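Inside the fold
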Amino acid sequence: MSDKSGRAIFQRVLIKLSGEALNGGSQVGISAEVLERLAKEVYEVTKLGVQVGLVLGGGNLVRGRALSKVGLDRVTGDHMGMLATAMNALAMRDALEQNGVPTRVMSAIPMSGLLDHYDRRKAVHHLSAGRVVIFAAGTGNPLVTTDSAASLRAIEINADIVLKGTSVDGVYSDDPATNPDATLYKHLSYQEALDKELGVMDLSAFCQCRDYDMPIRVFNINKEKALSRIVLGDEVGTLVNKG
């Protein structure tokens, strides 16, 4: 349901984007064109008066789990992944600021001279002042995905919702890439998603959202103005909440 007044229905959101969302279809790297498009999308949301937190994955640069399969220590691989999220955060910060959006990057691991160290109270202060805050380096712990970082930061900053941008239109009954008859769900309760074993988020992150009643909307970040439509109340993608 859209707010016909043109006003945003959320005050503060946490946007989660995979690292792959930044590579523009390439195997690795950051696409300047995609970065610019995403920065403009976030800019449009901030113009609506919405406070924005961002968590970016690092899979476009490093995947710790994949490295562990070829013999690299999993913890080392995950530490490399944290550094990859910091690289993506720096790129996104510059793209946002070039679009006139004041932005701060806060890292879960100390990176003196490069990024501010994460501090919840400072993050909330920046958000309240109209700055976008990018949360880098995951939770600062290995063996934890950036989905978990997104759920944790969303709860800590009292976001209204987690907006998870993916390459598909929402949560399906099956993989739409391999099953053309897969059904797109418009709404799911937390329990329905668990019962159907649907991959909304990493399981620990999903359960954290459930336990703290943090709604999740899964949507296709490649659809133009998807973010703006969501904050204006359009039912884009799949909403997961307590039902």
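Notes on the structure follow. The residue numbering used here restarts from 1 in each chain and proceeds along that chain's sequence as written. With pLDDT at 70 or above as the cut-off, local features in this predicted model cover only qualifying residues; side-chain atom pairs require 80 or more to be listed or tallied, and sums for whole chains, interfaces and linings still use all residues. The basis for every side-chain value is the complete set of non-hydrogen atoms in the structure, without hydrogens or water.

**Quick notes on the overall build of the chain**
What counts, and what does not: In this text, helices come from DSSP runs of H or I with a minimum length of four residues, and strands from runs of E with a minimum of two, each type numbered from the N-terminal end. To get the radius of gyration, use the C-alpha atoms; to get the globule rule, take the number of residues to the power 0.38 and multiply by 2.2 Å. Buried means the residue's accessible area, taken with a 1.4 Å probe over protein chains only, is under 20% of the maximum for its type, while exposed means over 50%, and partly exposed covers the values in between.
Check the secondary structure of the chain and you find eight helices and eleven strands. Relative to the globule expectation of 18 Å for 243 residues, the C-alpha radius of gyration of the chain, 17 Å, shows essentially globular dimensions. Projected onto its principal axes, the C-alpha coordinates of the chain cover approximately 45 × 40 × 35 Å. Looking at the chain as a whole, 49% of its 243 residues are labelled buried.

**Observations concerning the pattern of salt bridges**
Formally: Take a side-chain nitrogen of Lys or Arg and a carboxyl oxygen of Asp or Glu: if they are within 4 Å of each other, that pair is a salt bridge.
Taken as a whole and judged by the stated rule, the model has eleven salt bridges. Between Lys-47 and Glu-44 there is a salt bridge, with its nearest N and O atoms 3.7 Å apart. Here the residue Lys-47 and the residue Glu-44 both occupy positions in helix α1 (residues 32-47), the gap between them amounting to three residues, near one helical turn. Note on Lys-47: relative accessible area 51%, which makes it exposed.

**Regarding the pairing of strand β1 (residues 12-17)**
Our working definition: Whether two strands pair comes down to DSSP finding at least two bridges between them. Seen with its strands pointing away from the viewer, a crossover is right-handed when the path leading from the first strand over the helix to the second is clockwise.
Buried residues dominate β1, accounting for six of its six residues. Judged by which residues are buried, β1 turns out to be covered on both faces: Arg-12, Leu-14 and Lys-16 on one side and Val-13, Ile-15 and Leu-17 on the other are all buried. Bridging between β1 and strand β2 (residues 51-56) involves six bridges; their strand directions are parallel. When the sheet's bridge partners are listed, Ile-15 is paired in β2 with Leu-54. What joins β1 to β2 is α1, and the crossover it makes is right-handed. The pairing of β1 with strand β6 (residues 161-166) spans five bridges and is parallel. Bridge pairing in β6 links Val-13 to Ile-161.

**Digging into the side chain of Asn-60**
Cut-off, in case you're wondering: Two N or O atoms form a polar contact when they lie within 3.5 Å of each other; inside protein one atom must be a possible hydrogen donor and the other a possible acceptor, and for residues adjacent in sequence the pair counts only when both atoms belong to side chains. Throughout, a contact is declared for two residues whenever any of their heavy atoms are within 4.5 Å.
Tracing the chain through its elements places Asn-60 in the loop between β2 and α2 (64-69). One polar contact links Asn-60 to Asn-88, side chain to side chain, over a distance of 2.8 Å. Leave out the neighbours within four places in its chain, and Asn-60 touches Gly-19, Glu-20, Leu-22, Asn-23, Gln-27, Val-28, Gly-29, Ile-30 and Asn-88.

**Focus on a nonpolar patch on the surface**
Which entries qualify depends on this criterion: Residues enter patches when they are more than 30% accessible in relative terms and free of salt bridges; like-charged ones are connected within 9 Å and nonpolar ones (Val, Leu, Ile, Met, Phe, Trp, Tyr) within 5 Å. A 1.4 Å probe and the Shrake-Rupley method give the accessible areas. Residues count as covered only by the protein chains that appear here.
On the surface, a cluster of nonpolar side chains totalling about 230 Å² of accessible area is made up of Val-75, Leu-143 and Val-144. Here Val-144 is to be found in the loop between β5 (132-136) and α5 (146-156). Owing to a relative accessible area of 37%, Val-144 belongs among the partly exposed residues under this scheme.

**Quick word on helix α3 (residues 74-98)**
Rule in force here: Expected span, for any helix, means 1.5 Å times one less than how many residues it has.
In this model, α3 (25 residues) spans 36 Å end to end at C-alpha, consistent with the 36 Å of a helix rising 1.5 Å per residue. A distance of 3.1 Å separates the backbone nitrogen of Val-75 from a side-chain oxygen at the start of α3, and that oxygen is part of Asp-73. Following α3 by one or two positions, Gly-100 has its phi on the positive side, about 80 degrees.

**Remarks on the nonpolar core**
One recurring pattern in soluble globular proteins is that nonpolar side chains are buried together. Threshold: Note on terminology: a nonpolar core comprises buried Ala, Val, Leu, Ile, Met, Phe, Trp, Tyr and Cys residues joined through side-chain atoms within 4.5 Å.
Counting residues in hydrophobic clusters, the biggest one holds 39 residues, and the most contacted among them are Val-52, Leu-54, Met-92, Leu-96 and Ile-134. Counting only elements with at least two residues in this core, the list comes to β1, α1, β2, α3, β5, β6 and α8 (226-231). Every residue in contact with Leu-96, bar those within four places of it in the chain, is listed here: Ala-39, Val-42, Leu-54, Val-101, Thr-103, Val-132 and Ile-134. With 30 residues, the next largest nonpolar core counts Tyr-118, Val-133, Ala-150 and Val-240 among its residues.

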